Amino acid sequence: MKLISKIAMGVLLQCALTGAVVAADKGNRDEAVSLTKKAIAFYAANGKDKTFEEINSKPGRFVDRDLYVYVIDSSGLVHAHGANSKLIGKDLSLLKDADGKPFIVEIVTLVKANKAGWVDYQWVNPVTKQIEPKSTYVEPAGGMGFAVGVYR
């Protein structure tokens, strides 16, 4: 009986530790805001071209676990993307989430209003391959929105 209890405790401990590792591999809202502000500071110090080059580089200073920076203008055009270079130069203004919500419209609205904020939507998590709630922090700088999203 003691052996079974020890095995059970070992399995529970391993599950708990695995959960902690998974949580540590996932960025949070505070880290998303921090990474966004880091990219904006780099932009202010180094200009558009160098910043976009750095955001697009892999691995770059603007990718942290599942967090990455992307830059979108007030029309919905992507100028830089830390996770998917195929989106650079694409107009995402009509893009909708899994529920049909035009979330890019909300992001663009923040950029046009020159306001920072969060936009919530449903998106496929590339790790789990499941549709999950996601929130993206957007902060305008230089007429564009610097953004980082987190899965909730």
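Our structure is the block above this text.
Notes on the structure follow. Given the structure is predicted, the values throughout are model-derived calculations rather than measurements. (Residues numbered from 1 in each chain as written. Predicted model: local features only at pLDDT ≥ 70, side-chain atom pairs only at ≥ 80, totals over all residues. Heavy atoms only, no water.)

## A closer look at the pairing of strand β4 (residues 117-124)
Pairing geometry for β4 and strand β5 (residues 131-141), over eight bridges, is antiparallel. In the sheet register, Tyr121 faces β5, and the bridge partner there is Lys134. Joining the antiparallel neighbours β4 and β5 is a turn of six residues, in which Lys129 adopts a positive phi near 65°. (Pairing = 2+ DSSP bridges. Helix = DSSP H or I, 4+ residues; strand = E, 2+ residues; numbered from the N terminus.)

## Observations concerning the packing of aromatic side chains
Under the counting rule described, the total for this entry stands at six aromatic pairs. Between Phe103 and Tyr121 the ring centres are 4.0 Å apart and the planes differ by 10°, which places this aromatic pair in the stacked class. Taken together, the positions of Phe103 in helix α3 (residues 103-113) and Tyr121 in strand β4 put the pair 18 residues apart, joining distant regions of the chain. Residue Phe103 is classed as buried on the basis of its relative accessible area of 3%. One aromatic cluster is present, built from ring pairs that chain together Phe103, Tyr121 and Trp123. (Phe/Tyr/Trp six-rings, centres within 6.5 Å; stacked < 30°, edge-to-face > 60°. Buried < 20%, exposed > 50% of the residue type's maximum accessible area, 1.4 Å probe, protein only.)

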